[in-house]
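Take a look at the letters that make up each chain.
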Amino acid sequence: MAQIIIKNLRKDFGDFTAVQESSFTIEDGEFFMLLGPSGCGKTTTLRMIAGLELPTSGEVFIDGEEVSQKPARERDIAFVFQMFALYPHMNVRNNISYPLKSQGMPKAQIKQKVAEVAHILGIEDILNKPVGGLSGGDRQRVALGRAIVRDPKAFLMDEPLGALDAEFREHMAEELRALHDRMGATTIYVTHDQLEAMQMGDKIVVMNHGVVEQFGVPQEIYDWPATMFVADFIGSPSMNFLHFQGNVEKGDRTVHLDGHSFYVPEQLQGASGDLVFGIRPENITLSDDSPYRAQVLATEYLGTTQIITLETANGTIKARVPSTKPVKMGDAVGLTFNPRNVTLFDKGTGKALISEGNKGVLDHG
Amino acid sequence: MSGFSITEPSNRTKWIAGVLVISYALITIMPLLWIIATGFKSPSDSIAYPPKVVFQPTLEGYVNLFTTQTRITPDMQDKLQPPTTWYEEIVRDKGMVIAGPSRFGQRFLNSVIIGFGSTFFSVFLGTLAAYAFSRFKVPIKDDLLFFILSTRMMPPIAVAIPIFLMFRQLGLSDTHLGMILLYTAVNLSLSVWLLKGFIDEIPLEYEEAALIDGYTRFQAFYKVVLPQAATGIASTAIFCLIFAWNEYAFAVLLTSGTAQTAPPFIPTIIGVGGQDWPAVAAGATIFLMPVMIFTILLRKHLLRGITFGAVRK
Ligand SMILES: Nc1ncnc2c1ncn2[C@@H]1O[C@H](COP(=O)(O)OP(=O)(O)OP(=O)(O)O)[C@@H](O)[C@H]1O
Ligand SMILES: [Mg+2]
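Given the structure is predicted, the values throughout are model-derived calculations rather than measurements.

Broken down by element type, chain A carries nine helices and 20 strands. On the principal axes, the C-alpha backbone points of chain A span a range of 75 × 45 × 35 Å. Considering only contacts in chain A between residues 6 or more positions apart, those separated by 24 or more positions represent 66%. Of the accessible surface of chain A, which amounts to about 15500 Å², a share of 48% is contributed by carbon and sulfur atoms. Side-chain charges in chain A split into 35 positive and 47 negative, and the spacing between the mean points of these groups amounts to 7 Å.

With that out of the way, let us pick up the interface of chain B and chain A. By a widely used convention, the size of an interface equals the accessible area lost when the partners come together. Across the boundary between the two partners, chain B contributes 21 residues, which contact 27 residues of chain A. Both faces combined, the contact of chain B with chain A buries some 2200 Å², and carbon together with sulfur accounts for 60% of it. At the junction of chain B and chain A, the tally comes to two salt bridges. Taken together, the links from chain B to chain A amount to nine residue pairs in polar contact (both at pLDDT 80 or more). It is helix H10 (residues 204-212) of chain B that provides the largest number of residues to the side of chain B that touches chain A, a total of seven residues. Broken down by class, the residue content of the side of chain B that touches chain A amounts to 11 nonpolar, five polar and five charged.

Okay, the sheet that holds strand E11 (residues 240-248) of chain A next. All names here are of chain A. On the basis of which strands lie adjacent, the open sheet formed by three strands has the order E11-E14-E20 and antiparallel pairing. Since the sheet does not close on itself, it has two edges, and those belong to E11 and strand E20 (343-346), each with one partner. Across the sheet, the mean angle separating the axes of adjacent strands is 35 degrees when strand polarity is ignored. Note that strand E14 (residues 271-279) and E20 share four bridges and pair antiparallel. Counted as the bridge partner of Val 276 is Phe 345 from E20.

This paragraph deals with the domain arrangement of chain B. Residue and element names in this part refer to chain B. As assigned here, chain B comprises domain 1 (58-102) and domain 2 (105-306). At the junction of domain 1 and domain 2, the tally comes to zero salt bridges. Applying the counting rule to domain 1 against domain 2 returns one residue pair in polar contact (both at pLDDT 80 or more). At five residues, helix H3 (residues 60-66) tops the list of elements feeding residues into the side of domain 1 that touches domain 2. Grouping the amino acids of the side of domain 1 that touches domain 2 by side-chain chemistry returns four nonpolar, three polar and no charged.

Let us now look at the side chain of B:Ser111. Residue and element names in this part refer to chain B. Along the chain, Ser 111 turns up in helix H6 (residues 104-135). For Ser 111, a relative accessible area of 3% gives the class buried. A polar atom in the side chain of Ser 111 sits 3.0 Å from the backbone nitrogen of Ala 262. Once residues lying within four places of it in the same chain are set aside, the contact partners of Ser 111 are Phe 116, Trp 245, Thr 261, Ala 262, Pro 263 and Phe 287.

Before going further, it helps to spend a moment on empty space enclosed by the protein. Under the definition given, this model contains two cavities of 30 Å³ or more. Taken together, A:Phe31, A:Ile148, A:Phe155, A:Met157, A:Leu176, A:Leu179, A:His180, A:Met183, A:Ala185 and A:Thr187 make up the lining of the largest cavity. A breakdown of the residues in the lining of the largest cavity according to their chemical character gives eight nonpolar, two polar and no charged. Computed from the structure, the second largest cavity encloses a volume of approximately 40 Å³. Of all the secondary-structure elements, those providing two or more residues to the lining of the second largest cavity are strand E6 (77-80) and helix H4 (136-148) of chain A together with H10 of chain B.

Moving on, we come to the pattern of salt bridges. The tally for this structure, following the rule as stated, stands at 22 salt bridges over all chains. A salt bridge links A:Arg146 to B:Asp213; the shortest N-O distance between them is 3.9 Å. Of this pair, A:Arg146 sits in helix H4 while B:Asp213 sits in the loop between H10 and helix H11 (217-228), placing the two residues on different chains. Owing to a relative accessible area of 5%, B:Asp213 belongs among the buried residues under this scheme. Of the charged contacts, one joins A:Glu196 and A:Arg169 as a salt bridge, the two residues approaching to 2.9 Å between their closest N and O atoms. With A:Glu196 in helix H6 (residues 194-200) and A:Arg169 in helix H5 (residues 166-183), the pair connects residues that are 27 residues apart, well separated along the chain. No difference in accessibility class separates A:Glu196 from A:Arg169, as the two residues are buried. Counted as one network, the salt bridges with shared partners bring together A:Arg10, A:Asp12 and A:Glu21.

Quick look at a nonpolar patch on the surface now. All names here are of chain B. On the surface, Val 21, Ile 22, Leu 26, Ile 29, Met 30, Leu 33 and Trp 34 cluster together into a nonpolar patch covering about 680 Å² of accessible area. Mapped onto the elements, Ile 22 comes out in helix H1 (residues 11-39). A residue is classified by how much of its surface remains accessible, and Ile 22, at 55% relative accessible area, is exposed.

The next subject is the site of ligand 1. Residue and element names in this part refer to chain A. Close to ligand 1 lie Phe 13, Phe 16, Ala 18, Pro 37, Ser 38, Gly 39, Cys 40, Gly 41, Lys 42, Thr 43, Thr 44 and Glu 159. Measuring from an oxygen atom of ligand 1, one finds a side-chain N or O atom of Ser 38 at 2.6 Å. Within the backbone of Gly 39, a nitrogen or oxygen atom sits 2.7 Å from an oxygen atom of ligand 1. Across the complex, the protein chains shield 60% of the 630 Å² of accessible surface that ligand 1 would expose by itself. Sorting the residues of the shell around ligand 1 by element identifies strand E2 (16-26) and helix H1 (42-50) as the ones contributing at least two each. In terms of residue count, the dominant contributor to the shell around ligand 1 is H1 (three residues). Across the shell around ligand 1, the residue classes tally to five nonpolar, five polar and two charged.

Scoring rules and cut-offs
Residues numbered from 1 in each chain as written. Chains lettered and ligands numbered in written order. Predicted model: local features only at pLDDT ≥ 70, side-chain atom pairs only at ≥ 80, totals over all residues. Heavy atoms only, no water. Helix = DSSP H or I, 4+ residues; strand = E, 2+ residues; numbered from the N terminus. Contact = heavy atoms within 4.5 Å. Areas by Shrake-Rupley, 256 points an atom, 1.4 Å probe, with all protein chains shown as cover. Lys, Arg positive; Asp, Glu negative; His and termini not counted. Charge placed at Lys NZ, Arg CZ, Asp CG, Glu CD. Buried area = accessible area lost by both parts, 1.4 Å probe. Salt bridge = Lys/Arg side-chain N within 4 Å of Asp/Glu carboxyl O. Polar contact = N/O pair within 3.5 Å; in protein donor to acceptor, adjacent residues only side chain to side chain. Nonpolar A, V, L, I, M, F, W, Y, C, P; charged D, E, K, R; others polar. Pairing = 2+ DSSP bridges. Axes fitted to C-alpha atoms, helices over the stretch in contact; angles between N-to-C directions. Domains from an automatic or database assignment. Buried < 20%, exposed > 50% of the residue type's maximum accessible area, 1.4 Å probe, protein only. 1 Å grid on protein atoms, 1.4 Å probe; cavity = no way out; pocket = protein on both sides within 12 Å on 5 of 7 lines; lining within 4 Å. Points joined across faces, edges and corners; volume = space filled by probe spheres on them. Patch = residues over 30% accessible without salt bridge, like charges linked within 9 Å, V, L, I, M, F, W, Y side chains within 5 Å. Near = heavy atom within 4 Å.

The structure is reproduced here in structure tokens:
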């Protein structure tokens, strides 16, 4: 198992830059999520790590060794393809043992290894079946089997659950995570599903348009997004943006929205002009005596909580409040904001302003 | 009959389809059956009018095809030893003796060498070229592919004269090598295009999976791509063989002796006293066999249609 370091990795396809100067580190044994919307360069990044794509520039270190120009077969990594890519002309057993055959492993040992892997994945009964007729879940397991059978330095998985239906995804996600915990193998997992990333990942890197937006543990990324993109992409509903014009000085502890003063974490960076007050839906409370008023546009009942869509002087926002509080469409309500997790953004650059709250998180990223 | 299905035909539809298919098969197979039957007729039966459907079968046509014969006088015949083999007997009954083997066997062998040789090279080179066109960044790829296709935009025989002169200059006339080269050149465009289509269908992920699994690029090609292209390779081989096997015009023009193939030879089988139709028909029957056997052998590949189900599209 291995540590993987990505340094200034870049990939151009002609004039188009798919990945721009990305850097991040995957520690040994980590379950690492590469998260971003469609077309942001996740697959391209993963393929450069695997050796299926040559980087335009930059370096990839696996276990301290620079491998960016080495062929895939010399990197000792396993790759689980989005569509599984099981060899259609071989049965399940041969698919799983194929990586071992290339190493010239003796037949008896191959047989034993395949049996072990089949046992771990619970696919002993389908070993002699052709891969053509397998269900999505079984294909997924065979693809995993082919990956784990040779104890590679790392697993790279490109949306491995993408081809499964929603119900089964969750089940497989748990299985995958359990498998990882059991084997402790360094894993890089590509997904565009932020929930999946939050649930499964030890660490997440969020990409957009080929740029690494933020890199850290799920909780930090959720609480202290580095950019408006991350704030918007992560969480459901996503972070609310209250737009305001103003001036923030270093050391400020309040900002003014529509003439009302709100507490924020102590600011360490000044800014002025178009600014954004970012707050998660669950940090908004409805309170009748607050002077900051809003009108209820819609309510969405979710069992113990409800999502209230509100029109404020600073834009439309969503609040997650307990269902016990009756709210009707058209009601006028007062709002208070829990100041602990507020992030201010510069609207022009889209970047978070450094405060006492997020400085620890954003310093390392 | 309980319901209606889009994919399952009704019994009536099946019945009509069956009748149509069988009638069509009968119509197309008639000439073939006719030739096979004629091969077993006596010369007089073969030209009888109205045509004989029921007749006394004889192997005379086949014997005539494979032997050359000379006529002998009745008193000479009396002096000869009685015939020892069944074919000698057939010949003797006509008042002739076998002078030696005919050239049919050798012409047939030429057809086999040239037909299968050119098929092998067409498919071998075609597979390599098609793989390269399908997978690699080849400069001016589209123009090259169009150029390859354009070689088939006129009938090959349109360039017969230049090829004839070229072959004479190069000493390729009437050689096996010359004919193999020629048929390979003609078939190659078909084979590149057909195979490129098949290889394009094979997702790149399989090769990438093999690269990850520790194989080299070339191993990925022959262990993963080739088995999946088997269907395409088999059908391409059949098309190439059918062309090379049946080709007549170039064979007439460029071969006369050592490398002459069966098609120009068969019409020259002329018996004593008129066209020997049973021998011609026997030659045609034997000539049909290799392509038929080849097709039947590869049928499994043609029909199997490897399931690409392991990659979802
Ligand atoms: N071989 C290629 N040639 C040209 N452009 C490419 C190539 N491969 C990828 N791209 C482009 O690079 C960008 C990033 O692609 P990539 O496949 O890495 O995205 P992704 O984040 O994996 O998206 P998805 O979630 O849709 O899989 C896309 O805009 C894509 O069109
Ligand atoms: Mg992708």
